[in-house]
Amino acid sequence: MPWKSFLEMGAVPVINENDAVAVEELLFGDNDFLAVHTAFMLQANLLVILSTAGGLRDHQDQVIPFVEDVDSAFAFVRGVNSTYGTGGMLSKLTATKIAVRLGIPVVITGKEDSLEEILQGRTKGTYFKPLPPPRQGKKLLAMVEKPRGALYIDEGAFKALKSGKSLLPAGIKRVEGSFQRGDVVVIYTEDGLLVGKGKTNFSSDELKRVLGKKGEEVKRILKTTKEEAVHRDYMVVF
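This structure is a prediction, so every number in the text was calculated from the model and none was measured.

Participant: Give me the lowdown on the pattern of salt bridges, citing residues and values where you can.
Facilitator: Considering all chains together, one arrives at nine salt bridges under this definition. Notably, a salt bridge pairs aspartate 71 with lysine 97, separated by 2.7 Å at the nearest N-O pair. You can see aspartate 71 sitting in helix α4 (residues 70-73) and its partner lysine 97 sitting in helix α5 (residues 88-101), a full 26 residues away along the chain. One salt bridge connects glutamate 217 with arginine 220, and the closest N-O pair in it is separated by 3.9 Å. One end of the pair, glutamate 217, and the other, arginine 220, are both in helix α10 (residues 215-222), three residues apart, so they sit about a helical turn from each other. Taken together, the shared-partner salt bridges in this structure form one network comprising Lys213, Glu217 and Arg220.

Here it is as structure tokens:
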């Protein structure tokens, strides 16, 4: 049954990640990503994420009411530089980063807050300002499609992506998951911070063979004319 039919009937659908069989949650944070995906598909005007923390908290343990630059918010996540990146506030901020890039405002708050007041612009939690959504269809598809793997990159590759360049195998430090050519992967720094998403030119097995390798060597080993692990035209950098 279409979503709108549920809403027209006055019913609120409940959607939940099947933790017993889902593998994407290991890469991206289960229901937090599912919430973003659902909000995008429904063309929602606002995404509300509930947290036991009641919002993003600063170093004095006070809720930060407004965030314009979501990247700056990661500095307030305890353990953000640990290897355990899934779940908790880190997962919620990662999902929030995607949502605001899609043009969807986000509120992270607690269960004590009122949804009616949030809709009126009042919240006890944290409001994240949205950005203008991307217009390119290829990049938009990569942003909302579920990832099949993850790539962890070095500082040089991170700077290259931020300047609009493609991701090369030379800058990839680690590959996680099992994926094929054309699958969507998420891209992280070695510290576990989300950089972007995109469609990979190589499978996970192929990438593991050319980690740290440069252009001509990649082409020779994989017998291909391509050298980009993820081309900039098929990638969204958050």
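Read on, since the account is not over.
Participant: Kindly report on unusual backbone geometry, identifying the contributing residues and their values.
Facilitator: At glutamine 43, a residue that is not glycine, the phi angle is positive and equals roughly 55°. Here glutamine 43 shows up in the loop between α3 (30-41) and β1 (47-50). Despite not being glycine, aspartate 61 shows a phi value in the positive range, around 65°. Secondary-structure assignment places aspartate 61 in the loop between β1 and β2 (66-67).

Participant: Let's hear about the sheet that holds β2: which residues, and what values?
Facilitator: Spatially, β1-β3-β4-β2 is the arrangement adopted by the four strands of the open sheet, whose pairing is mixed. Looking at which strands have only one partner, the edges of the open sheet turn out to be β1 and β2. When strand β3 (residues 106-109) meets strand β4 (residues 126-128), the two strands line up antiparallel, connected through three bridges. Looking at β4, one finds that valine 106 is bridged to phenylalanine 128. Across the sheet, α5 is in contact with β1, β3 and β4; its angle to β3 comes to roughly 165°.

What counts, and at which threshold
Residue numbers run consecutively from 1 along every chain, following the written order of its sequence. The predicted nature of this model means local features are confined to residues of pLDDT at least 70 and side-chain atom pairs, given and counted, to a pLDDT of 80 or more, with totals for whole chains, interfaces and linings taken over all residues. Just so you know, side-chain values use all the structure's heavy atoms and leave hydrogens and water out. Salt bridge, as applied in this entry: a Lys or Arg side-chain nitrogen positioned within 4 Å of an Asp or Glu carboxyl oxygen. For the purposes of this entry, the term helix denotes a DSSP run of H or I that reaches at least four residues, the term strand denotes a run of E that reaches at least two, and both are numbered from the N terminus. Strands qualify as paired when DSSP identifies two bridges or more between them. Any pair of residues with heavy atoms lying within 4.5 Å of one another is described as a contacting pair. To obtain an axis, a line is fitted to C-alpha atoms, over the contacting stretch when the element is a helix, and the angle between two such axes runs from 0 to 180 degrees between their N-to-C directions.

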